[in-house]
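For reference, the chains in residue letters:
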Amino acid sequence: MNYHDFKQQIISTLSDRLGSDVRITVSDILKNNDTHLDGLTILAPGQNLAPTIYLDYYYGQYERGRSFSDITDDILTAYRENRPKSPVDISFFTDYDKVKSRVTMKLINYERNRELLKRVPYYRFLDLAIVFLCLVESDSSGTATVLIHNEHLTYWGITRDDLYALAMANTPQLLRYDLRSMTEVLRELFADEFADPAGNDLIEPFPIYVLSNQHRLNGSSCILYQHLLHDFARRIGSDFYILPSSVHEVLLIPADNQISMSTLSSMVRDVNSSQLAREEILSDHVYYYSLETDQITM
């Protein structure tokens, strides 16, 4: 089955299983790094917001041998687990007084998002761009956001500088940072396997720290949080390298370790080319934070 037939069959099968009163659509979605994906949405009567389910990934699984019935079951499960439990009031988006407390930011790659950046307000930051979001919903199951476009500034009667000031104040409060050593992260993920046969914790060859937000979504922007990097550098008593492991998190490595910049850069490029989906890549460059200057440089 080719990709076009796969999409049509998915829509037909879901319609049969959910009933004719459910509206199922597939739209071209522009994602990070100029990535275009087919986003499927399912809207039941009384709903005004639904999760977007990307069919490109499922077709890849189909090509690798996963059965069509398993895929449709998985799509339905994803929809039912992530759909809002009740209609979401998004009328606030027309009222700037209600929006301004929800303005947040994220980091994306500048060169890889040239087309998107024509449509949205942004600030350059090294080889990256700071763009702005409205946080519609945030709870233990995740977040829902709307990307702020240039026309929103006109509608609200505000400037790009206004957005930046709001985002810098709001984001650390709404999306609190999470900073842990790699040892702590691995212990949480692999609690049963993280000790050696003698019962001792495995030792890292050199300290690595993982920085993200508590939702693990677009958490690389935490490097912009006021005082966060400065306080961390004082805590470890060292400058440090920042490795952009994805748009969702960065790795911090103290600069007093015997590891070269070229080695770290090779690590980042290798992960980007072999481990990450295109839309998850933040940058191929390693950054350096200086405690003395309180600045990030490339």
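Shown above is the structure to which this text applies.
What you see is a predicted model; the values in this text were computed from it and never measured.

1. Points about the environment of I148
- Structurally, the position occupied by I148 is in the loop between β7 (142–147) and α6 (150–156).
- On the basis of relative accessibility, which here comes to 0%, the residue I148 falls in the buried class.
- In contact with I148, other than residues within four places in its own chain, are V103, V120, P121, F132, L133, C134, W156 and L163.

2. With respect to the pattern of salt bridges
- Taken as a whole, this structure holds nine salt bridges when the rule is applied.
- With its nearest N and O atoms 3.4 Å apart, the salt bridge here joins K7 to D38. Residue K7 is located in helix α1 (residues 3–18), and its partner D38 is located in strand β2 (residues 35–43); the two are separated by 31 residues in the primary sequence. One exposure class covers both K7 and D38, and it is buried.
- A salt bridge links K118 to E115, with the nearest nitrogen and oxygen atoms 3.0 Å apart.

3. Quick look at the sheet that holds strand β1 (residues 23–31)
- The sheet built from three strands is open, its strands ordered β1-β2-β3 with antiparallel pairing. Each having just a single partner strand, β1 and β3 (53–54) make up the two edges of the open sheet.

4. Quick look at the packing of aromatic side chains
- Considering all chains together, one arrives at 15 aromatic pairs under this definition.
- Here Y3 and Y59 contribute two aromatic rings whose centre-to-centre distance is 5.1 Å and whose plane-to-plane angle is 55°, an arrangement assigned as tilted. With Y3 in helix α1 and Y59 in helix α2 (residues 55–63), this pair connects stretches of sequence that are 56 residues apart.
- For Y3, a relative accessible area of 21% translates into the label partly exposed.
- The exposure class assigned to Y59 is buried, which follows from its relative accessible area of 12%.
- Between Y54 and Y57, the aromatic rings sit 6.5 Å apart at their centres with planes inclined by 80°, giving edge-to-face as the arrangement.
- With a relative accessible area of 17%, Y54 lands in the buried category.
- An aromatic cluster of three or more residues is present, and its members are Y3, F6, Y59, Y62 and F68.
- Between R124 and the ring centre of Y110, over which it is positioned, the NZ or CZ distance is 3.7 Å.
- Its end group placed over the ring of Y123, R160 keeps NZ or CZ at 3.8 Å from the ring centre.

5. Quick word on empty space enclosed by the protein
- By the definition in use, this model includes one cavity of 30 Å³ or more.
- Put simply, the largest cavity is a space of about 80 Å³.
- Surrounding the largest cavity, 12 residues form its lining, L133, T145, L175, L217 and N218 being those nearest its centre.
- Elements represented by at least two residues in the lining of the largest cavity include exactly β4 (103–109), β6 (128–139) and β7.
- If one sorts the elements of the lining of the largest cavity by residue count, β4 sits on top with three residues.
- In the lining of the largest cavity, the residues fall into five nonpolar, six polar and one charged.
- There are two domains that each give the lining of the largest cavity at least three residues, and those are domain 2 (91–174) and domain 3 (177–195 + 203–297).

6. Concerning the pairing of strand β8 (residues 177–181)
- Of all five residues in β8, four are buried, a share of seventy percent or more.
- Bridge analysis of β8 against strand β9 (residues 209–213) gives five bridges, and the strand direction is antiparallel. Note on β9: the bridge partner recorded for R180 is V210.

7. Description of helix α10 (residues 261–274)
- Over its 14 residues, α10 extends 20 Å from the first C-alpha to the last, a length consistent with the 20 Å expected when each residue adds 1.5 Å.
- Those residues of α10 that fall on the buried side of the exposure criterion are L264, S265, V268 and N272. Buried residues of α10, viewed axially, fall in a sector of 100°; they line one side.
- Buried residues along α10 sit in contact with β10 (240–246) and β11 (249–254).

Analysis parameters
- Residues numbered from 1 in each chain as written.
- Predicted model: local features only at pLDDT ≥ 70, side-chain atom pairs only at ≥ 80, totals over all residues.
- Heavy atoms only, no water.
- Helix = DSSP H or I, 4+ residues; strand = E, 2+ residues; numbered from the N terminus.
- Buried < 20%, exposed > 50% of the residue type's maximum accessible area, 1.4 Å probe, protein only.
- Contact = heavy atoms within 4.5 Å.
- Salt bridge = Lys/Arg side-chain N within 4 Å of Asp/Glu carboxyl O.
- Pairing = 2+ DSSP bridges.
- Phe/Tyr/Trp six-rings, centres within 6.5 Å; stacked < 30°, edge-to-face > 60°.
- Lys NZ or Arg CZ within 6 Å of the ring centre and 35° of its normal.
- 1 Å grid on protein atoms, 1.4 Å probe; cavity = no way out; pocket = protein on both sides within 12 Å on 5 of 7 lines; lining within 4 Å.
- Points joined across faces, edges and corners; volume = space filled by probe spheres on them.
- Nonpolar A, V, L, I, M, F, W, Y, C, P; charged D, E, K, R; others polar.
- Domains from an automatic or database assignment.
- Expected span 1.5 Å × (residues − 1).
- Arc of directions from axis to C-beta.

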